[in-house]
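The residues making up each chain are set out below.
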Amino acid sequence: MVRIVPEIIKESVTNLVKNGERTDGRAFDEYREISLEPGVIEKAEGSARVKIGNTQIIIGAKPQIGAPFGDTPNVGVLMTNTELLPMAAPNFESGPPDENSVELSRVTDRCIREGEVVDLEKLCIVEGEKVWMIFLDLHVVDYDGNLMDAAVLGSVAALMNTKLPTTKIVDDEVVLDYDNMVPLPINDTALMSTFAKIGDEILIDPSLEEEDVMGARLSVGITQEGNICAMQKGGAKTFNKEEILKAVSIAKIKTAELRTLLP
Amino acid sequence: MIIIITNTNLGTGTETSGRADNRAFDELRKMKIEAGVLERADGSAYLEIGGNKVLAAVYGPRELFVRRLMQPNRAVLRCKYNMAPFSVDDRKRPGPDRRSVEISKIASEALTPAVFLEKFPRSTIDVFIEVIEAEGGTRCAGITAASVALADAGIPMRDMVVACAAGKSDDKVILDLSEVEDKEGQADVPIAIMPRTGEITLLQMDGNLTEEEFGQALDLAINGCKIISEKQKAAIKNRYGDE
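What counts as what
Residue positions within a chain follow its written sequence, with the count starting from 1. Each chain takes a letter, starting from A, and each ligand takes a number, starting from 1, following the order in which they are written. The predicted origin of the model limits local features to residues at a pLDDT of at least 70 and limits the giving and counting of side-chain atom pairs to 80 or more, whereas totals for whole chains, interfaces and linings rest on all residues. The side-chain quantities take in all heavy atoms of the structure and omit both hydrogens and water. Segments assigned H or I by DSSP are reported as helices when at least four residues long, segments assigned E as strands when at least two residues long, and all are numbered from the N terminus. Radius of gyration means the value over C-alpha atoms here, while the globule rule gives 2.2 Å times the residue count to the 0.38 power. Only protein chains enter the accessibility calculation, which uses a 1.4 Å probe. A residue is then buried if its area is under 20% of the maximum for its type, exposed if over 50%, and partly exposed in between. In this description, contact between two residues means that some pair of their heavy atoms is separated by no more than 4.5 Å. Areas reported as accessible are Shrake-Rupley estimates using a 1.4 Å probe. Residue values count occlusion only from the protein chains shown. Under the counting rule used here, the positive set is Lys and Arg, the negative set is Asp and Glu, and His together with the chain ends is not counted. Lysine's charge is taken at NZ, arginine's at CZ, aspartate's at CG and glutamate's at CD. One less than the residue count of a helix, multiplied by 1.5 Å, gives the span that helix is expected to have. Note: buried area is the sum, over both parts, of the accessible area (probe 1.4 Å) each one loses when the two are combined. When a carboxyl oxygen of Asp or Glu is within 4 Å of a side-chain nitrogen of Lys or Arg, the pair counts as a salt bridge. By nonpolar core is meant a set of buried Ala, Val, Leu, Ile, Met, Phe, Trp, Tyr and Cys residues that side-chain atoms within 4.5 Å join together. Strands pair, by our definition, only if DSSP identifies at least two bridges between them. With axes taken as lines fitted to C-alpha atoms, and helix axes fitted only over the stretch in contact, angles between N-to-C directions fall between 0 and 180 degrees.

(A) Layout of the overall build of chain B. Scanning chain B from terminus to terminus reveals four helices and ten strands. For chain B, the sequential pattern of α-helices and β-strands runs β-β-β-β-α-β-α-β-β-α-β-β-β-α. By the compact-globule yardstick of 18 Å for 243 residues, chain B fits well, its C-alpha radius of gyration being 18 Å. Viewed in the frame of its principal axes, chain B has a C-alpha envelope of about 55 × 45 × 40 Å. Counting every position in chain B, which comprises 243 residues, the buried fraction comes to 55%. A separation threshold of at least 6 residues defines the contact pool for chain B, and within that pool the share at least 24 residues apart is 67%. For chain B, the accessible surface area stands at approximately 11,100 Å², while carbon and sulfur atoms represent 49% of it. For chain B, the centre of its 32 positive side-chain charges and the centre of its 38 negative side-chain charges are spaced 8 Å apart.

Shown next, in the form of structure tokens:
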């Protein structure tokens, strides 16, 4: 289903931005209110609920023992999956993941993988045979713009919250000890900041209204040390070099602020 | 608009009550209902009972794009029950399975009798039930939450449907089975009623019960429904005030 944006909204949002204002009164480099609660699902080994404005995602991490990929026999597996639930927006439909859902999963996965958030090599149990596979499931329950930043922030919080049973090898079999749970080995806390380009301005954390109007979008993943670990440009319009460099430098400051929300 | 997901750590209980979590035979698990918890949905509700956490959302009445489902004289009520992959001990593969398809069907049939569908010809009312965490009795929790979401969406109804299960575990007829009692128990009878008239809109049963036990279970479940019904009303009053 196509979302129709009234011309009058397009015009008013664009004109506000031209005058240096946003519809909800925020500054161009200001996030909406963010809340982050780890450990909301007892049945999941790791979980978090994240809200940025009214956007809300519930994230669960579940480990399973499986076979490693042939080219990386001593490395654990991380799988990210997103459900854009039909409850989250009137134009979301149930069924197999569409391109938006796949993009969100892949960008989240990229930021976490390339930012080396999880020390996957420590998840090897028997080289070439058994490794931990971490399934990260993102349940989008309310969509009000900027899913990317919420997805990465919540995912990192859920992973930091994840506990695995200790493993022992007894007679060539893996024995799990649920009485001695250990935290998932975490290396880094890479986070993401997303910018929307409206007219000639760049604004952080676009709301739904702003996403409807924006020409292009840029997401930047930044590691704890301030290096760039993932980027994704979206939308039909373009960015110039200065805009991208400016976005990166703002992202460095803003992801550091987001990091203070992590436990 | 904030939903609070509390961490209800279920006690292991003692021997006195004969139930794993120390409840009396006719006692419900601890529960709470909140209405209007989602921004985008037309109506929504969040429900916790024991270790269950369920979100329900309603969109509509809105245009129905699937023409073969369209009714010329009334709306259709479509229900989708879905479990989060992380809601159960062993990760559930995302997407519908046979169980969730069946529950979606019986949930929509449980809610349909209460809704004035004839007021909205050729349209649809979509109900989404999302199980965030499961601990036995999710279909009842889902239906109960869905009626609150329908009310929150302002959809005209004869009554707020409410659901609750009774069953048999350890040779005793008991109300509101927990996950352990459901798995190890001998019978499970989930029902939904319209509490004003007592009409039953959902009835399922599995297990083994005598006629007498079934009668007891039904009475227990109806009483459970009436208690939950008060919490549904309180949730709506909480959201919109008493007037």
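Still more ground to cover, so stick around.
(B) Highlighting the overall build of chain A. Broken down by element type, chain A carries five helices and twelve strands. Against the 2.2 N^0.38 benchmark of 18 Å for 263 residues, chain A shows a C-alpha radius of gyration of 20 Å, consistent with a compact globule. On the principal axes, the C-alpha backbone points of chain A span a range of 70 × 40 × 30 Å. Expressed as a percentage of its 263 residues, the buried residues of chain A come to 55%. Across chain A, contacts joining residues at least 24 apart in sequence account for 68% of those joining residues at least 6 apart. Here chain A has roughly 11,700 Å² of accessible surface; of this, 49% comes from carbon and sulfur atoms.

(C) Examining unusual backbone geometry more closely. Geometrically, the link from G60 of chain B to P61 of chain B is a cis peptide bond, its omega value of 0° lying close to zero. When you line up the elements, P61 of chain B lands in strand β3 (residues 52-63). Although it is not a glycine, D172 of chain A adopts a positive phi angle of roughly 65°. Take D172 of chain A: it is sitting in the loop between β7 (163-170) and β8 (173-183). By relative accessible area, D172 of chain A is classed as exposed at 74%. Even without glycine at this site, N22 of chain B takes up a positive phi of about 70°. Checked against the element boundaries, N22 of chain B lands in the segment before β1 (31-35). A relative accessible area of 36% places N22 of chain B in the partly exposed class.

(D) How the structure looks around the environment of V131 of chain A. All names here are of chain A. Position of V131 relative to the elements: it lies in strand β6 (residues 130-142). Residue V131 is classed as buried on the basis of its relative accessible area, which comes to 0%. When the C-alpha positions of V131 and E209 are compared, they lie 44 Å apart, and in sequence the two are 78 residues distant. Residues in contact with V131, not counting those within four places in the same chain, are Q64, I65, G66, A67, P68, P73, V75, G76, V77, L123, C124 and I125.

(E) The arrangement of the environment of E83 of chain A in detail. Mapped onto the elements, E83 of chain A comes out in strand β4 (residues 77-84). Sequence separation between E83 of chain A and V182 of chain A is 99 residues, and the spatial gap between their C-alpha atoms is 28 Å. Beyond its immediate stretch of four places on either side in the chain, E83 of chain A contacts L138, H139 and V140 of chain A together with P94 of chain B.

(F) Region of the structure containing helix α3 (residues 147-160) of chain A. With 14 residues, α3 of chain A extends 20 Å from end C-alpha to end C-alpha; this agrees with the ideal 20 Å at 1.5 Å per step. Counting buried positions over the 14 residues of α3 of chain A gives 13, a clear majority of the element.

(G) Molecular detail of the interface of chain A and chain B. Between chain A and chain B, the residue contacts involve 35 residues of the former and 39 residues of the latter. Together, the buried faces of chain A and chain B total about 3,000 Å²; carbon and sulfur atoms form 55% of this surface. Across the contact surface, chain A and chain B share three salt bridges. Between E179 of chain B and K43 of chain A there is a salt bridge, and its shortest N-O distance comes to 2.9 Å.

(H) Inspection of the nonpolar core at higher detail. Among the nonpolar cores identified, the biggest contains 64 residues, and L111, V115, V127, I129, I143, V148 and L150 of chain B are the most heavily contacted of them. What I143 of chain B contacts, discounting residues up to four positions off in sequence, is A107, A110, L111, I129, V161, A163, A192 and L202 of chain B. Membership of the second largest hydrophobic core comes to 62 residues, among which are L120, L184, I204 and A247 of chain A.

(I) Representation of the pairing of strand β7 (residues 172-175) of chain B. All names here are of chain B. Sheet topology note: the strand β6 (residues 162-169)/β7 ladder contains four bridges and is antiparallel. Counterpart to A166 in the pairing with β7 is L175. Taking the residues that link successive antiparallel strands as the turn, the β6-β7 hairpin has two residues, and the phi of D170 there is positive, at about 55°.

(J) The sheet that holds strand β9 (residues 191-198) of chain A, seen in detail. All names here are of chain A. Pairing in this open sheet of four strands is antiparallel, and the strands run β10-β9-β11-β12 from one edge to the other. With partners counted over all chains shown, the strands left at the sheet margins are β10 (201-204) and β12 (228-234), one partner each. Taken over all neighbouring pairs, the strand axes of this sheet differ in orientation by 20° on average, direction set aside. Bridge analysis of β9 against strand β11 (residues 216-222) gives seven bridges, and the strand direction is antiparallel. Within β11, the position partnered with S193 by the bridge is V220. Along the sheet, α3 makes contact with β9 and β11, crossing β9 at roughly 175°.

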